[in-house]
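Inside the fold
Residues per chain, in single letters:
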Amino acid sequence: RDEDFDSSYESLIRLAAMVGDAKPRGTSAHLLAALPTGFYKDFAEPEGETRCPICLDDYKELDPILKISDCDHWFHKDCLEVRGSYVTT
């Protein structure tokens, strides 16, 4: 239970010593390379997304994008490659 968790500095130091370094896991380059790639104009739909959910910039027709295979989301290629290198998707 949350109320039983000791969040004091000393307790967190002990926890860190037991757990060790916590390093973010990234998405491997080969998984990112396997995603469908194209230009925004190739995936654009009239009622679809118009801006990248990572950088929040509006897409331009010739922006290179990567599409997540199992859903309808796409991202600027550069944004997903940078974010994917340190965040598990």
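Parameters at a glance
- Residues numbered from 1 in each chain as written.
- Predicted model: local features only at pLDDT ≥ 70, side-chain atom pairs only at ≥ 80, totals over all residues.
- Heavy atoms only, no water.
- Helix = DSSP H or I, 4+ residues; strand = E, 2+ residues; numbered from the N terminus.
- Contact = heavy atoms within 4.5 Å.
- Areas by Shrake-Rupley, 256 points an atom, 1.4 Å probe, with all protein chains shown as cover.
- pLDDT = per-residue confidence, 0-100.
- Pairing = 2+ DSSP bridges.
- Salt bridge = Lys/Arg side-chain N within 4 Å of Asp/Glu carboxyl O.
- Buried < 20%, exposed > 50% of the residue type's maximum accessible area, 1.4 Å probe, protein only.

**Describing the overall build of the protein chain**
Summing up its helical and strand segments, the protein chain has 4 helices and 3 strands in all. Taken from N to C terminus, the helices and strands of the protein chain fall in the order α-α-β-α-β-β-α. Contacts spanning at least 24 positions in sequence make up 46% of the contacts within the protein chain whose residues lie at least 6 apart. With an accessible surface of roughly 7,000 Å², the protein chain has 54% of that area assigned to carbon and sulfur atoms.

**Structural notes on the confidence of the model for the protein chain**
The predicted coordinates ought not to be read in detail in places where the model reports low pLDDT. Residues of the protein chain with pLDDT of at least 70 account for 88%, and the chain-wide mean is 81. Helix H4 (residues 77-84) is the least confidently modelled element of the protein chain, averaging 77 in pLDDT, while strand E1 (residues 37-39) averages 91, the highest of any element.

**Thoughts on the pairing of strand E2 (residues 64-67)**
Relative to E2, E1 runs antiparallel, the two being bridged by 3 bridges. Note on E2: the bridge partner recorded for Phe-39 is Pro-64. Pairing analysis gives 3 bridges linking E2 to strand E3 (residues 74-76), with the strands arranged antiparallel. By the bridge assignment, Lys-67 is partnered in E3 with Trp-74.

**Digging into the pattern of salt bridges**
Under the counting rule described, the total for this entry stands at 1 salt bridge. Between Arg-51 and Asp-58 there is a salt bridge, with its nearest N and O atoms 3.4 Å apart. Note on Asp-58: relative accessible area 46%, which makes it partly exposed.

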